[in-house]
Amino acid sequence: MKNNQCPKCNSNEIMADVTVRDVGHAGPYPLRVEMVEQEPAQHSFIWSPKTATGDIRAWICAKCGYTELYTDNLETLHQIYKLGQ
């Protein structure tokens, strides 16, 4: 839908880049993806995993409600993900 056309109904009435939130004990917060490096079998005594986060954003069709979610910071998230492979 980032091309401003809904794949379900072909409408071009798209609400773009909308913040997606959830409500926790401390109030609303934006949804995020968190990637944490898996612990290697062997490492030094002091080891700290690498982490990365990416915000989740929504593209919503104003006509039919179809919604797509996208995550930012992909390059860094993918680098951390590959460390666990």
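These numbers were taken from a predicted model, which means no experiment stands behind them.

**Student:** Would you explain the packing of aromatic side chains in this entry?
**Tutor:** What characterises a pair of aromatic rings is the spacing of the ring centres plus the angle enclosed by the ring planes. On inspection of all chains with the given rule, the structure shows one aromatic pair. Where Trp59 meets Tyr70, the ring centres are 5.3 Å apart and the plane angle is 80°; that geometry is what we call edge-to-face. Linking Trp59 in strand β5 (residues 51–61) with Tyr70 in strand β6 (residues 67–71), this pair joins segments that are 11 residues apart in sequence. When the ring centre of Trp59 is taken as origin, the NZ or CZ atom of Lys2, which lies over that ring, is 4.9 Å away. Lying over the aromatic face of Tyr70, Lys2 brings its terminal NZ or CZ to 4.4 Å of the ring centre.

**Student:** Just to check I follow, could you spell out the environment of Arg21 for this structure?
**Tutor:** In this fold, Arg21 is placed in strand β2 (residues 21–24). You can call Arg21 exposed: its relative accessible area is 52%. In this structure, the C-alpha to C-alpha distance between Arg21 and Gln38, residues 17 residues apart in sequence, is 27 Å. Not counting residues within four places of it along the chain, the set of residues in contact with Arg21 comprises Pro28, Tyr29, Pro30 and Leu31.

**Student:** Could you clarify how one ought to interpret unusual backbone geometry in this entry?
**Tutor:** The general pattern is negative phi for most residues beyond glycine and trans for most peptide bonds. Positioned with a positive phi, Asp17 is a non-glycine residue whose angle comes to about 60°. Residue position: Asp17 is located in strand β1 (residues 14–19).

**Student:** Got a minute to help me understand the pairing of β5 in this structure?
**Tutor:** Where a strand is regular, its side chains alternate between the two sheet faces. Judged from the four bridges that link them, β1 and β5 form a sheet pairing that is antiparallel. Within β5, the position partnered with Ile14 by the bridge is Cys61. Judged from the five bridges that link them, strand β4 (residues 32–36) and β5 form a sheet pairing that is antiparallel. Counted as the bridge partner of Val33 is Gly54 from β5. Examined bridge by bridge, β5 and β6 share five bridges and lie antiparallel to one another. When the bridges of β6 are listed, Arg57 appears paired with Tyr70. Linking β5 to β6, which pair antiparallel, is a turn of five residues; within it Gly65 sits at a positive phi near 90°.

Procedures and definitions
- All chains use their own residue numbering, which begins from 1 and follows the written sequence.
- Local features are withheld for residues below a pLDDT of 70 in this predicted model, meaning they are given only at 70 or higher, and side-chain atom pairs are given and counted only at 80 or more; totals for whole chains, interfaces and linings count all residues.
- For side-chain calculations, the full set of non-hydrogen atoms in the structure is used, while hydrogens and water are omitted.
- Between rings of Phe, Tyr and Trp, where Trp is taken as its six-membered ring, a pair exists when centres lie within 6.5 Å; planes separated by under 30 degrees are stacked, by over 60 edge-to-face, and by other angles tilted.
- In DSSP terms, a helix is any run of H or I states spanning at least four residues, a strand is any run of E spanning at least two, and both are numbered starting from the N terminus.
- The criterion for a charge sitting over a ring is simple: Lys NZ or Arg CZ within 6 Å of the ring centre, and within 35 degrees of the ring normal.
- Burial status follows relative accessibility: with a 1.4 Å probe on protein chains alone, a residue under 20% of its type maximum counts as buried, one over 50% as exposed, and anything between as partly exposed.
- Whether two residues are in contact is decided by their heavy atoms, any of which lying within 4.5 Å being enough.
- Here, strands pair whenever DSSP counts at least two bridges between them.

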